[in-house]
Amino acid sequence: MSAKAEISGLRNGRGVAGVSTGRRRHHRKHHRRHDDFAVEGIQDLGGELSRSFAKLRKRCKARKLVAAIRRCDRRAINEIFDWKCREICFFRKPGFDCVKISCCSRRGSAVITFDICVRSLNRCHGGGCGFY
């Protein structure tokens, strides 16, 4: 072995900083299955949310969601998102009608909660008529 290789530590099995050996030792430990259902739950919820929000690109679906929020229609919101949410709460902010949606993964290992607010049709909500 050359003197250069001995100095750099290749003889001892250590790699040189910045030189790739073609193997990924760093990720090896992450591929072991640790039955962490929370990670799988987050992945499930992420997939479901991305598919559901992609539907809202269609104007008719977005219109239905806005109408459901303004009417406080829990059933319509579940139909739009295609999954049963554990909790749907309607509330108002000055000038906005809102819904808080809380859904859990299939195994119940992860819960995601988000709010959607739309401008209220009643202009009085934020214009000095007081809060709810």
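Above this text sits the structure in question.
What counts and what doesn't
Residues numbered from 1 in each chain as written. Predicted model: local features only at pLDDT ≥ 70, side-chain atom pairs only at ≥ 80, totals over all residues. Heavy atoms only, no water. Core = buried A, V, L, I, M, F, W, Y, C linked by side-chain atoms within 4.5 Å. Buried < 20%, exposed > 50% of the residue type's maximum accessible area, 1.4 Å probe, protein only. Helix = DSSP H or I, 4+ residues; strand = E, 2+ residues; numbered from the N terminus. Disulfide = S-S within 2.5 Å. Pairing = 2+ DSSP bridges.

**Q** So what's going on with the nonpolar core? Residues and values would help.
**A** Leu-65, Ile-77, Trp-83, Ile-101 and Ile-116 are the most contacted members of the largest nonpolar core, which totals 18 residues. Broken down by secondary-structure element, the contributors of at least two residues to this core are α4 (59–71), α5 (74–81), β2 (96–104) and β3 (111–119). With 4 residues, the single largest contributor to this core is α5.

**Q** Any chance you could break down the state of the cysteines for me, citing the residues and the numbers?
**A** On inspection of all chains with the given rule, the structure shows 1 disulfide. A sulfur-sulfur separation of 2.1 Å characterises the disulfide bridge that pairs Cys-98 with Cys-117. The S-S bond linking Cys-98 to Cys-117 shows a torsion near 115 degrees; that makes this disulfide right-handed. A residue pair is termed long-range when its members are at least 10 positions apart, and Cys-98 in strand β2 and Cys-117 in strand β3 qualify at 19 residues.

**Q** Describe the pairing of β2, and please don't skip the residues or the numbers.
**A** As defined by bridge partners, strand β1 (residues 87–93) adjoins β2 across 7 bridges and the pair is classed as antiparallel. Bridge assignment links Phe-90 to a residue of β2, and that residue is Val-99. In this antiparallel pair of consecutive strands, β1 and β2, the connection spans 2 residues, and Gly-95 shows a positive phi of 90 degrees. Bridge count between β2 and β3: 9 bridges; the pairing is antiparallel. Across the sheet, Lys-100 pairs through a bridge with Asp-115, a residue of β3. Between β2 and β3, which pair antiparallel in sequence order, lie 6 residues; one of them, Gly-108, sits at a positive phi of approximately 75 degrees.

The quantities given are spatial measurements derived from coordinates; they are silent on function.
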